[in-house]
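Given next are the chains, with one letter for each unit.
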Amino acid sequence: MGEKDTIQKTLESYNDVFADIVNVLLFNGERVITEDSLTDAQPFSMYKMDGDVRNQDRDVAKYWQNNECIRIGFYGIENQSVPDKDMALRLFGYDGAAYRAQLSEKKQTERYPVVSLVLYFGTEQRWSAKRNLKDRLKINEKLSPFVNDYKLNLFELAWLTDEQIAMFKSDFHEVVEYLRAKRLHIRYEGSQNQLDHIEEILELFRVMTGDNSFHDIQEEILTEAKKTTGGVNMCEVIQAIKTEGRAEGRKEAMDKILSLFAKLYALGKGDEVQKATNDREYLKKLMDEYQK
């Protein structure tokens, strides 16, 4: 399991984030599911193949319950970074196992629906694989009317509209905003929405961007969050990273200049140092010359 997958699952496992994802993508932003109506479901099931018992694992799974703690639904989330041509077969197996498990539930007499969402995190290309079971199968035309179909509830996060993105109220808003910016090749500035899961968001952005600054700034951001009642937002995080980056850049540039001057003095060219301190263009010329 990759680090990115693990961190994605950790963030989505929070009930507020999970409910937000389902409410926006399935119910157009209506707050149908509340975080206190969700409980964790077992994310794995077993099946037998060639005489061996094997596990199949969902990414995140939750039960949706009413006030009497009666289950009224089962939701699963699957994360995909690249299109998977057999995704419909995989999900059909997951959902089938969740339905089969209801037969062994002693206290639950009513059967409830199973709904799976596929979250596509790709930004370079749209989902190109089949979105339903029958399109993936080679079916004799006479048999086709009798083959039950199964379609994916697939959501291309980087292609959501501005209106859809604005519906997200949890920290997942920042994830979708970033994916959209990456697809459009525009700068991601972060929103002013308060972050509830700061460590998880910073770690996820670290692995998504490959920028360790999101990890390096974490202690400073967490300290600031504890000091302020309003918490911290992603806009402030991005600004802090920029400030730290500029400071590190200035230090690195000064170290290079001092190294150059030491080299010139060692070569008996102190007059060059004097000239460079008064002429920025000449300093740049020397830097280019001695760093080749």
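Up top is the structure these notes are about.
Residues numbered from 1 in each chain as written. Predicted model: local features only at pLDDT ≥ 70, side-chain atom pairs only at ≥ 80, totals over all residues. Heavy atoms only, no water.

**Q** Report on the packing of helix 1 (residues 3-13) against helix 2 (residues 15-27), specifying residues and quantitative values.
**A** Axis separation between helix 1 and helix 2 bottoms out at 5 Å; the angle between their running directions is 90°. Compared by their axis directions, helix 1 and helix 2 come out roughly perpendicular. For the pair helix 1 and helix 2, contact is made by Leu11, Glu12 and Ser13 and by Asn15, Val17, Phe18 and Ile21, respectively. Here the contact of helix 1 with helix 2 is composed, by residue class, of four nonpolar, two polar and one charged. (Axes fitted to C-alpha atoms, helices over the stretch in contact; angles between N-to-C directions. Helix = DSSP H or I, 4+ residues; strand = E, 2+ residues; numbered from the N terminus. Parallel < 35°, antiparallel > 145°, perpendicular 65-115°, else oblique. Contact = heavy atoms within 4.5 Å. Nonpolar A, V, L, I, M, F, W, Y, C, P; charged D, E, K, R; others polar.)

**Q** Just give me the short version of the environment of Glu203, but keep the residues and values in it.
**A** As for its placement among the helices and strands, Glu203 is situated in helix 7 (residues 198-209). Separated by eleven residues in sequence, Glu203 and Phe214 have C-alpha atoms that sit 6.8 Å apart.

**Q** Which residues make up the sheet that holds strand 5 (residues 71-80), and what values do they have?
**A** Judged by pairing direction, the sheet is mixed, and its five strands sit side by side in the order 1-4-5-6-7 without closing on themselves. Edge positions in the sheet fall to strand 1 (38-40) and strand 7 (154-156), since each has one partner strand and no second. Averaged over all pairs of adjacent strands, the angle between strand axes in this sheet comes to 25°, irrespective of strand direction. Lying on the sheet, helix 2 is in contact with strand 1, strand 4 (60-65), strand 5, strand 6 (114-120) and strand 7; it crosses strand 6 at an angle near 90°. (Pairing = 2+ DSSP bridges.)

**Q** Give a detailed account of unusual backbone geometry, specifying residues and quantitative values.
**A** With a phi angle near 55°, Asn28 is a residue other than glycine that sits in the positive phi range. Assessed through its relative accessible area of 58%, Asn28 is described here as exposed. Phi at His185 takes a positive value of approximately 60°, unusual for a residue other than glycine. Relative to the elements of secondary structure, His185 occurs in the loop between helix 6 (172-184) and helix 7. (Buried < 20%, exposed > 50% of the residue type's maximum accessible area, 1.4 Å probe, protein only.)

**Q** I'd like a description of the pairing of strand 6, backed by residues and values.
**A** Burial of strand 6 is extensive: six of the seven residues sit out of reach of the surface. Alignment of strand 5 against strand 6, held across seven bridges, turns out to be parallel. Within strand 6, the residue paired with Gly76 across the bridge is Ser116. For the crossover that starts at strand 5, traverses helix 3 (residues 87-101) and ends in the parallel strand 6, the hand is right-handed. (Right-handed = clockwise from strand over helix to strand, strands pointing away.)

**Q** Let's hear about the packing of aromatic side chains: which residues, and what values?
**A** Under the definition given, this model contains ten aromatic pairs. Here Tyr120 and Trp127 contribute two aromatic rings whose centre-to-centre distance is 5.4 Å and whose plane-to-plane angle is 85°, an arrangement assigned as edge-to-face. Take Tyr120 and Trp127: they sit in the same class, and that class is buried. An angle of 55° between the planes, with centres 5.7 Å apart, marks the rings of Phe168 and Phe172 as tilted. For the pair shown, Phe168 and Phe172 are each scored as buried. Lys62 extends its terminal NZ or CZ atom over the ring of Phe18, reaching a point 6.0 Å from the ring centre. Here the basic side chain of Arg71 rests over the ring of Tyr63, its NZ or CZ set 3.6 Å away from the ring centre. (Phe/Tyr/Trp six-rings, centres within 6.5 Å; stacked < 30°, edge-to-face > 60°. Lys NZ or Arg CZ within 6 Å of the ring centre and 35° of its normal.)

**Q** Any details on the nonpolar core? Residues and values, ideally.
**A** Within the largest apolar cluster, 57 residues are counted, with the highest numbers of intra-cluster contacts made by Leu25, Leu119, Leu152, Phe172 and Val175. Of all hydrophobic cores here, the second largest spans seven residues; its members include Ala41, Ala61, Ala98 and Val114. (Core = buried A, V, L, I, M, F, W, Y, C linked by side-chain atoms within 4.5 Å.)

**Q** A description of the pattern of salt bridges should follow, citing residues and the corresponding values.
**A** Inspection of the entire model under this criterion finds eleven salt bridges. The salt bridge partner of Arg58 is Asp95, with a shortest N-O separation of 2.6 Å. Remark: Asp95 occurs in helix 3 and Arg58 occurs in the loop between strand 3 (52-57) and strand 4; sequence separation between them is 37 residues. The pair Arg58 / Asp95 is uniform in exposure class, with both members buried. In this structure, the salt-bridge partner of Glu156 is Arg131, at a minimum N-O distance of 3.5 Å. With Glu156 in strand 7 and Arg131 in the loop between strand 6 and helix 4 (133-136), the pair connects residues that are 25 residues apart, well separated along the chain. Residues participating in the shared-partner salt-bridge network are Arg126, Arg131 and Glu156. (Salt bridge = Lys/Arg side-chain N within 4 Å of Asp/Glu carboxyl O.)

Geometric descriptors of this kind do not, in isolation, establish any biological role.
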